[in-house]
Amino acid sequence: MSDITNLMENEVFRAFASYATIILSKMMFMSTATAFYRLTRKVFANPEDCASFGKGENAKKFLRTDDRVERVRRAHLNDLENIVPFLGIGLLYSLSGPDPFTAILHFRIFVGARIYHTISYLLPLPQPNRALSFFAGFGVTLSMAYSLLRNRLYL
Amino acid sequence: MSDITNLMENEVFRAFASYATIILSKMMFMSTATAFYRLTRKVFANPEDCASFGKGENAKKFLRTDDRVERVRRAHLNDLENIVPFLGIGLLYSLSGPDPFTAILHFRIFVGARIYHTISYLLPLPQPNRALSFFAGFGVTLSMAYSLLRNRLYL
Amino acid sequence: MSDITNLMENEVFRAFASYATIILSKMMFMSTATAFYRLTRKVFANPEDCASFGKGENAKKFLRTDDRVERVRRAHLNDLENIVPFLGIGLLYSLSGPDPFTAILHFRIFVGARIYHTISYLLPLPQPNRALSFFAGFGVTLSMAYSLLRNRLYL
């Protein structure tokens, strides 16, 4: 093994690796939630998925949309739209030598906000629960982007 | 702080960090554009989002789709579909020791093309403005992928 | 050039770079597949895209959805939902000093499973072809996440 593992000896990078892995695993859970609702509510997007429930015209009735399934899919897409910037900006920010306390605080707020966002979306909780958790995660990512560009801009 | 910050002393990596942060921040702006159109046009996807505009049947009329909102959402999804490959391939390409001038040219074309793509999509400009900006970003990403695989393939 | 290229001398990291680039390039192919079906079937989402096929009311008939196009788009979105966690977790896992044989096996199964997933979705093959390829890729990503968190957790 070369000195590649030096990266993992860095406190901020190692914390980023842990928080990024946790929030990506949470995002993957959305796929299983969609599959769970599709199977228990018999709501499918593809004819081949409901072939075992009936043939021909009988199967077509399962090709529909459902509020519950669409809600999980919207939450999943919102995760993608927000976790991708966190991954990219957070990784580069971690490598830019930030203050460990500040950096880890950023990661913690982001992960907490996104978990609360999912809970608010799926239950659902009344607004502004979801809006506030969205903007907490959004603000933290912008704060890392600002810090990175201020200290390390090179165009 | 360990020698992790050596990465940021590398010209290409530092340029990649700047351009990636800029284009991810631009992508995040699409979320606020969607929120802006949803609020000003009173078009919502979730019952809890328009609870303050009315109760019961009265609130349901806000649960609809709108051309303007759907256009922003398509632009956002197209961003995701193209910026994710740029992030992944661009990061690995930056670490593969490319010629700095060539590498930074790639990043600049990608970021310029994606910003022009967003403008073309949101105004909208007549085709082929959007198609050309899409293929410029697409071609630049494939060019980095080709360079990476030609020089560093290891399966 | 600084010692940044040391990363690419690491066997696992270099293999990750190759497999990640291959699977991202495959995902980019979905965009061209969507464009191909849109053009050959004359199915568009934006008025400006079909302006050359007719004016006014005549053009509106091309603004519709089509089973074939929607199928490609669902496959593309499923790719995004699964390749983003692979990219993030796989990158961090590669940097955590795993056993090379185990790590490369993970990457190979993931890439093979996602290519088979695309084939199953687009042909389509009967279930459970697509479901099994989905869960193979999903399981491999979770296995890397587990290995990373077990060895390198830092909160």
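As the structure is a prediction and not an experimental result, all values here were calculated from the model.

What counts, and at which threshold
Residues numbered from 1 in each chain as written. Chains lettered and ligands numbered in written order. Predicted model: local features only at pLDDT ≥ 70, side-chain atom pairs only at ≥ 80, totals over all residues. Heavy atoms only, no water. Helix = DSSP H or I, 4+ residues; strand = E, 2+ residues; numbered from the N terminus. Expected span 1.5 Å × (residues − 1). Polar contact = N/O pair within 3.5 Å; in protein donor to acceptor, adjacent residues only side chain to side chain. Least-squares fit on C-alpha atoms with pLDDT ≥ 70 in both. Contact = heavy atoms within 4.5 Å. pLDDT = per-residue confidence, 0-100. Buried area = accessible area lost by both parts, 1.4 Å probe. Salt bridge = Lys/Arg side-chain N within 4 Å of Asp/Glu carboxyl O. Buried < 20%, exposed > 50% of the residue type's maximum accessible area, 1.4 Å probe, protein only. Phe/Tyr/Trp six-rings, centres within 6.5 Å; stacked < 30°, edge-to-face > 60°.

Draft legend 1. View of helix 2 (residues 11–41) of chain B. All names here are of chain B. Here helix 2 contains 31 residues, and its C-alpha end-to-end distance of 46 Å stays within 8% of the 45 Å for a straight helix at 1.5 Å per residue. For helix 2, the capping residue at the N-terminal end is asparagine 10, with a side-chain oxygen 3.0 Å from the backbone nitrogen of valine 12. Two residues or fewer after helix 2 comes lysine 42, characterised by a positive phi angle close to 50°.

Draft legend 2. Focus on the relation of the copies chain C and chain A. Superposing chain C onto chain A takes a rotation of 120° combined with a translation of 0.0 Å along the rotation axis, leaving an RMSD of 0.0 Å. The operation mapping one copy onto its partner corresponds to a three-fold rotation axis. For chain C, the smallest separation between a C-alpha atom and the rotation axis is recorded for valine 84 of chain C, amounting to 4.3 Å. Little of the interface of chain C is mirrored in chain A, where only 16% of its interface residues again form contacts.

Draft legend 3. Spatial organisation of the side chain of arginine 114 of chain C. All names here are of chain C. Inspection of the secondary structure assignment puts arginine 114 in helix 5 (residues 100–122). Of the polar contacts made by the side chain of arginine 114, one reaches the side chain of asparagine 78; its length is 2.9 Å. Ignoring sequence-local partners within four residues, the contact set of arginine 114 consists of Ile23, Lys26, Asn78, Asp79, Asn82 and Phe134.

Draft legend 4. Spotlight on the confidence of the model for chain A. All names here are of chain A. Confidence in the prediction for chain A averages 87 pLDDT; 95% of positions are at 70 or higher. Mean pLDDT across the secondary structure elements of chain A bottoms out at helix 3 (residues 57–60), with 72, and peaks at helix 5 (residues 100–122), with 94. Interface scoring of the predicted complex returns ipTM 0.87; its pTM is 0.90.

Draft legend 5. Representation of the interface of chain A and chain B within the structure. Counting from both sides, the interface comprises 37 residues of chain A and, opposite them, 38 residues of chain B. Together, the buried faces of chain A and chain B total about 3,200 Å²; carbon and sulfur atoms form 69% of this surface. Counting across the chain A and chain B interface gives two salt bridges. With its nearest N and O atoms 3.5 Å apart, the salt bridge here joins arginine 130 of chain A to glutamate 48 of chain B. The interface formed by chain A and chain B holds five residue pairs in polar contact (both at pLDDT 80 or more) in total.

Draft legend 6. Highlighting the pattern of salt bridges. Per the stated rule, a full pass over the model turns up 18 salt bridges over all chains. Between arginine 41 of chain B and aspartate 66 of chain B there is a salt bridge, with the nearest N and O atoms lying 3.4 Å from each other. Separated by 25 residues along the polypeptide, arginine 41 of chain B in helix 2 and aspartate 66 of chain B in the loop between helix 3 (57–60) and helix 4 (67–94) bring together distant segments of the chain. Its relative accessible area of 39% is what places arginine 41 of chain B among the partly exposed residues. Given the relative accessible area of 13%, aspartate 66 of chain B is considered buried. Each of Lys26, Asp79 and Arg114 of chain A takes part in a single network of salt bridges with overlapping partners.

Draft legend 7. Region of interest: the packing of aromatic side chains. With the rule as written, the count across this model stands at 30 aromatic pairs over all chains. Both rings, one in phenylalanine 86 of chain C and one in phenylalanine 110 of chain C, keep their centres 3.9 Å apart while their planes meet at 5°; by these two values the pair is stacked. Linking phenylalanine 86 of chain C in helix 4 (residues 67–94) with phenylalanine 110 of chain C in helix 5, this pair joins segments that are 24 residues apart in sequence. Taking the relative accessible area as the measure of exposure, phenylalanine 86 of chain C reaches 0% and is therefore buried. Judged by relative accessible area, phenylalanine 110 of chain C falls into the buried class, the value being 0%. In textbook terms, an aromatic cluster arises when at least three aromatic residues are bridged by ring pairs, as seen for Phe16, Tyr19, Phe86, Tyr93, Phe107 and Phe110 of chain A.

Draft legend 8. Local environment of helix 6 (residues 129–152) of chain C. The terminal C-alpha atoms of helix 6 of chain C lie 35 Å apart, and with 24 residues this matches the ideal 34 Å at 1.5 Å per residue to within 8%. Those residues of helix 6 of chain C that fall on the buried side of the exposure criterion are Arg130, Ser133, Phe134, Gly137, Phe138, Val140, Thr141, Met144, Ala145, Ser147, Leu148 and Arg152 of chain C. Contacts made by the buried residues of helix 6 of chain C are with helix 1 (6–9) and helix 2 (11–41) of chain A together with helix 4 and helix 5 of chain C.

Draft legend 9. Representation of unusual backbone geometry. All names here are of chain B. Cis geometry marks the peptide bond from leucine 123 to proline 124, where omega comes out at -15°. Structurally, the position occupied by proline 124 is in the loop between helix 5 (100–122) and helix 6 (129–152). The omega angle of the peptide bond from glutamine 127 to proline 128 is 5°, so this bond is cis rather than trans. Here proline 128 lies in the loop between helix 5 and helix 6.

Draft legend 10. Local environment of the interface of chain C and chain A. Contacts between the two partners involve 37 residues from chain C, matched on the other side by 38 residues from chain A. Where chain C touches chain A, the interface holds two salt bridges. With a shortest N-O distance of 2.8 Å, glutamate 48 of chain A and arginine 71 of chain C are connected by a salt bridge. Counting across the chain C and chain A interface gives five residue pairs in polar contact (both at pLDDT 80 or more).

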